[in-house]
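The residues making up each chain are set out below.
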Amino acid sequence: SLKLECDKLASEKSEMQRHYVMYYEMSYGLNIEMHKQAEIVKRLNGICAQVLPYLSQEHQQQVLGAIERAKQVTAPELNSIIRQQLQAHQLSQLQALALPLTPLPVGLQPPSLPAVSAGSGLLSLSA
């Protein structure tokens, strides 16, 4: 029974190590992606700063206001954006799978797809 227990613990240990590696890789990938996005933001801010003086005074105020609003993004807004992107992605995947091989008769529309639930897993960012 000790041998069996030891084998079980060894199996659990290797499973935990696999999970650790998977989470480490995901964390590393997310970290790289965040740095990449930060660099993109920095470059786009530089472009905006270079272009802004060429706009009329009225347009400059509009652009500055839009930039300030963009900086004020909230967790519920991010949640909504992610949900919309997920729905669009799932819709495109389902449509690709459900495309009929022959054209539909005139006037017949493909069936609509159900919406994604608002409370699913990673989408609850508003915590």
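Rules behind the numbers
Residues numbered from 1 in each chain as written. Predicted model: local features only at pLDDT ≥ 70, side-chain atom pairs only at ≥ 80, totals over all residues. Heavy atoms only, no water. Helix = DSSP H or I, 4+ residues; strand = E, 2+ residues; numbered from the N terminus. Areas by Shrake-Rupley, 256 points an atom, 1.4 Å probe, with all protein chains shown as cover. Salt bridge = Lys/Arg side-chain N within 4 Å of Asp/Glu carboxyl O. Buried < 20%, exposed > 50% of the residue type's maximum accessible area, 1.4 Å probe, protein only. pLDDT = per-residue confidence, 0-100. Contact = heavy atoms within 4.5 Å. Polar contact = N/O pair within 3.5 Å; in protein donor to acceptor, adjacent residues only side chain to side chain. Patch = residues over 30% accessible without salt bridge, like charges linked within 9 Å, V, L, I, M, F, W, Y side chains within 5 Å.

Caption draft 1: Examining the overall build of the protein chain more closely. The helix and strand inventory of the protein chain stands at three helices and zero strands. Starting at the N terminus and walking to the C terminus, you meet the elements of the protein chain as α-α-α. For the protein chain, the computed accessible surface area is about 11300 Å², with 64% contributed by carbon and sulfur atoms.

Caption draft 2: Seen up close, the pattern of salt bridges. Scanning the entire structure with this criterion turns up five salt bridges. One salt bridge in this structure joins K71 and E68, with 3.7 Å as the shortest N-O distance. Taken as a pair, K71 and E68 lie in helix 2 (residues 57-71) at a separation of three residues, close to a single helical turn. Given the relative accessible area of 54%, K71 is considered exposed.

Caption draft 3: Spotlight on the confidence of the model for the protein chain. When the pLDDT values of the protein chain are averaged, the result is 83; 77% of them are 70 or greater. Helix 1 (residues 2-51) holds the highest mean pLDDT among the elements of the protein chain, 96, whereas helix 3 (residues 75-98) holds the lowest, 88. This model gives residues 112-127 a pLDDT under 50, and the stretch forms 19 contacts once residues within four places in sequence are excluded.

Caption draft 4: Inspection of the environment of H59 at higher detail. With respect to the secondary-structure elements, H59 resides in helix 2. Note on H59: relative accessible area 41%, which makes it partly exposed. Only 2.8 Å separates the side chain of H59 from the side chain of S56, close enough to count as a polar contact.

Caption draft 5: Looking closely at a nonpolar patch on the surface. A cluster of nonpolar side chains, namely Y20, V21, Y24, Y28 and I32, defines an oily patch on the protein surface of about 570 Å² accessible area. Mapped onto the fold, Y28 is located in helix 1.

Caption draft 6: Layout of the side chain of Q60. On the secondary structure map, Q60 appears in helix 2. What makes Q60 buried here is its relative accessible area of 17%. Setting aside anything within four residues of it in sequence, one finds Q60 in contact with L52, P53 and L55.

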